Amino acid sequence: MNFKKICVIGLGYIGLPTAATFAAQGIKVLGADINARVIDTLNKGEIHIHEPGLREAVSKAVEMGNFRAATKPEAADAFIIAVPTPFQENKFGEYNGVKYKLADMRAVTSAAEAILPFLQKGNLVILESTSPPRTTIDLVKPILEKSGLKAGEDFYLCYSPERVLPGQILRELVENARVIGGVTPESAKAGKALYSIFVKGEIIETDATTAEMVKLMENTYRDVNIAIANEFSRLADKFGVDVWEAISIANLHPRVKILTPGPGVGGHCISVDPWFFVEAAPELTPLIYHSRQVNDAQPQFVAELIKRALDSLAGKKIAALGLAYKPDVDDMRESPANEVVRLLQNAGAIVTAYEPFKPDTVSLNDALQDADAIVLLVKHTEFVNFNPAEIAKKTKTRIVIDTVNAWNNEAWKNAGFEVLRLGANKEGRG
Ligand code: SAJ
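Residues numbered from 1 in each chain as written. Predicted model: local features only at pLDDT ≥ 70, side-chain atom pairs only at ≥ 80, totals over all residues. Heavy atoms only, no water.

Asker: Explain unusual backbone geometry here, please?
Answerer: Glycine aside, the phi torsion of most residues is negative, and most peptide linkages are trans. Positive phi, normally seen in glycine, also occurs at aspartate 311, with a value near 70°. Exposure remark for aspartate 311: the relative accessible area of 68% places this residue in the exposed category. The residue aspartate 328 is not glycine, and still its phi comes out positive at about 60°. Its location among the elements puts aspartate 328 in the loop between β11 (317–321) and α12 (336–346). (Buried < 20%, exposed > 50% of the residue type's maximum accessible area, 1.4 Å probe, protein only. Helix = DSSP H or I, 4+ residues; strand = E, 2+ residues; numbered from the N terminus.)

Asker: Can you help me understand the sheet that holds strand β12 (residues 350–354) in this one?
Answerer: Adjacent strands of a sheet form backbone hydrogen bonds with each other and so pair up, either parallel or antiparallel. A sheet is described by the order of its strands in space; here 5 strands give the open sequence β12-β11-β13-β14-β15, paired in parallel fashion. If you trace the sheet from one side to the other, it starts and ends with β12 and β15 (418–421), each paired once. Sheet twist, expressed as the mean angle between neighbouring strand axes with direction ignored, is 20°. With 3 bridges joining them, strand β13 (residues 373–376) and strand β14 (residues 399–402) adopt parallel strand pairing. Residue pairing in the sheet places valine 375 in a bridge with isoleucine 401 of β14. (Pairing = 2+ DSSP bridges. Axes fitted to C-alpha atoms, helices over the stretch in contact; angles between N-to-C directions.)

Asker: What is the right way to look at the packing of helix α11 (residues 286–310) against α12 in this model?
Answerer: Running from amino to carboxyl end, α11 crosses α12 at an angle of 50°, the nearest separation of the two axes being 9 Å. Looking at the two axes, α11 sits oblique to α12. By crossing handedness, the relation of α11 to α12 is classed as right-handed. The residues of α12 that touch α11, namely those facing Pro299, Gln300, Val302, Ala303 and Ile306, are Pro336, Glu339, Val340, Leu343 and Leu344. Of the residues assigned to the contact of α11 with α12, the class counts are 8 nonpolar, 1 polar and 1 charged. (Parallel < 35°, antiparallel > 145°, perpendicular 65-115°, else oblique. Left-handed = near helix turned anticlockwise from the far one by under 90°. Contact = heavy atoms within 4.5 Å. Nonpolar A, V, L, I, M, F, W, Y, C, P; charged D, E, K, R; others polar.)

Asker: Whenever I open this one, the site of the ligand confuses me. Can you help?
Answerer: Around the ligand lies a shell of 20 residues, among which Glu162, Val164, Lys215, Arg222 and Tyr325 are the nearest. With respect to the ligand, the side chain of asparagine 219 contributes an N or O atom lying 2.7 Å from an oxygen atom. Between arginine 222 and the ligand, the recorded distance is 2.6 Å, taken from a side-chain N or O atom to an oxygen atom. Here the shell around the ligand takes 5 residues from helix α8 (residues 208–239), the largest share from any one element. Partitioning the shell around the ligand into residue classes produces 9 nonpolar, 4 polar and 7 charged. (Near = heavy atom within 4 Å. Polar contact = N/O pair within 3.5 Å; in protein donor to acceptor, adjacent residues only side chain to side chain.)

Asker: Honestly, the domain arrangement of the chain in this entry has me stumped. Any pointers?
Answerer: Interface size is commonly expressed as the accessible area that is lost once the parts come together. On domain assignment, one finds that the chain holds domain 1 (5–208) and domain 2 (241–421). At the junction of the two partners, domain 1 supplies 20 residues and domain 2 supplies 23 residues. The junction of domain 1 with domain 2 conceals about 1,800 Å² of combined surface from both sides, 67% of it contributed by carbon and sulfur atoms. Considering only the surface of domain 1 that becomes buried against domain 2, His50, Phe87 and Tyr100 emerge as the three largest contributors, covering 27% of it. Along the contact surface separating domain 1 from domain 2 lie 0 salt bridges. Between domain 1 and domain 2 we count 4 residue pairs in polar contact (both at pLDDT 80 or more) in total. Its residues assigned to classes, the side of domain 1 that touches domain 2 comprises 13 nonpolar, 5 polar and 2 charged. (Domains from an automatic or database assignment. Buried area = accessible area lost by both parts, 1.4 Å probe. Salt bridge = Lys/Arg side-chain N within 4 Å of Asp/Glu carboxyl O.)

Asker: Looking at this structure, I do not really get the sheet that holds strand β3 (residues 67–70). What am I missing?
Answerer: Ordered in space as β3-β2-β1-β4-β7-β8-β9-β10, the 8 strands form an open sheet in which the pairing is mixed. Each of the sheet's edge strands pairs with one partner strand only, and the pair in question is β3 and β10 (203–207). If you compare each strand with its neighbour and ignore which way they point, the axes differ by 25° on average. Pairing geometry for strand β9 (residues 178–182) and β10, over 5 bridges, is parallel.

Asker: Mind showing me how you'd approach the packing of aromatic side chains here?
Answerer: To describe a pair of aromatic rings, you give the distance between the ring centres and the angle between the ring planes. Taken as a whole and assessed by the stated rule, the structure comprises 9 aromatic pairs. For the ring pair phenylalanine 22 and tyrosine 195, a centre distance of 6.2 Å and an interplane angle of 45° mean the geometry is tilted. Of the two residues, phenylalanine 22 sits in helix α1 (residues 15–24) while tyrosine 195 sits in helix α7 (residues 185–195), which places them 173 residues apart along the sequence. Grouping residues by exposure puts phenylalanine 22 and tyrosine 195 together as buried. Ring plane angle 80° and centroid distance 5.9 Å describe the contact between tryptophan 275 and tyrosine 289, whose orientation is recorded as edge-to-face. (Phe/Tyr/Trp six-rings, centres within 6.5 Å; stacked < 30°, edge-to-face > 60°.)

Asker: Where do I start with the packing of α8 against helix α10 (residues 273–280) in this structure?
Answerer: Any two packed helices are characterised by how steeply their axes cross, that is the angle between the axes, and by the distance between the axes. Viewed as axis vectors pointing N to C, α8 and α10 meet at an angle of 115°, and their least axial separation amounts to 8 Å. Relative to α10, α8 is oriented roughly perpendicular. Like other packed secondary-structure pairs, α8 and α10 cross with a definite hand, here left-handed. Facing α8, whose interface residues are Met213, Lys215, Leu216, Met217, Asn219, Thr220 and Asp223, α10 presents Asp273, Pro274, Phe276 and Phe277. Residues belonging to the contact of α8 with α10 are distributed by class as follows: 6 nonpolar, 2 polar and 3 charged.

Asker: What exactly am I supposed to notice about α12 here?
Answerer: For an α-helix, 3.6 residues make a turn, and residues three or four places apart therefore share a direction. If you check which residues of α12 are buried, you get Pro336, Ala337, Val340, Val341, Leu343 and Leu344. On an axial view of α12, the arc spanned by its buried residues comes to 165°, and they lie on one face. Next to the buried residues of α12 lie α11, β11 and β12. Its side-chain oxygen placed 3.2 Å from the backbone nitrogen of alanine 337, serine 335 serves as the N-cap of α12. Glycine 348, located one to two residues past α12, shows a positive phi value of around 95°. (Arc of directions from axis to C-beta.)

See below:
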């Protein structure tokens, strides 16, 4: 297949880097997004999200004349759908008393409908959005076939999940292995031809539903493993053990690789995707469901830890460091740090949060000044590099609570601070 022009629908964290990467290879790329403000920003060569290297990639693609953004798709050789698949806000499913979240597939539906008027014989359509199993064949295929063209015969249709890590998207897009699930083997072949334009990692062809499962399995695997690390942090707290020390020792075992506990699991992937399995088969997913419950309850555990440090929360001034869902990104979607702040506020604390990646939040100095405690919620490099003696000059409090094991206890103690770490309550409570 010859791909001269590609249309990428959805210009967020995945669609935009994908569009810029194709454009860098000399392909003409039209990016479509329903947000007119995003379109204006991009056509000026600027960007609306933070991702290392992305600004340069987009402005270069615009300058070269290979990337343009518009509110509607256009005719193209290939269409890539990279729109969000969030939860439904106020609707839940229920199975045997277990309440579960439901995927909101409206953006995928609209994107497929937006392609419909432009779909031609020989085109390739790829769904990249993380989706419940069978979405490609049960949702996208019937919409596209309203054109009168048959998927797998008149046009090619694939599911190919993005698997890149925010913060390293541009590198991982090129280097990671890529799975292409076709509704027919010919579709998978066409998908492979498209991604071969820039992917250096292995490209594996399979069927569409397998590719959907692969994506959900990867993130669910990680969620379940983080859940056990978080549960270990609670057990360590109860038994007066330092969970960080215990994990580092356990991980010396050649077949053990325990992940890192923390204030919870956030972002738009790992905290969302396991629900797609639960929704699709609640009777088969008790482990996945309970892992989600454990991770979602971790902010509560952190709030209790802070309460323990301060005796009570009502009226206490707390400097919260970090609101992003993980280190060195600006993304605050489903952020456990935000949830901790919300729980503290509900308990009557006065929380001032400093997030270096959001310049419109308060300054570090303002957050620290009158604080009764400093709570570290995200392991941003800026925080890891803090000099405790310098911080001591900016605040009256001498209590720090480290929920991400970023700080050296001794250094903070030497600067006069009392340090509490998540999962490392040496006195024990049990
Ligand atoms: N977290 C922990 N402990 C850990 C690892 C992570 O508490 O040991 C937390 C993070 O702080 C964060 C959340 O989990 O709140 C998720 O962070 P992450 O870095 O594990 O993953 P994401 O959500 O940024 O990206 C994941 C990746 N999936 C896997 O590693 C299997 C990425 O490759 C996917 O492309 C991405 O989801 C996606 O888009 O689905």
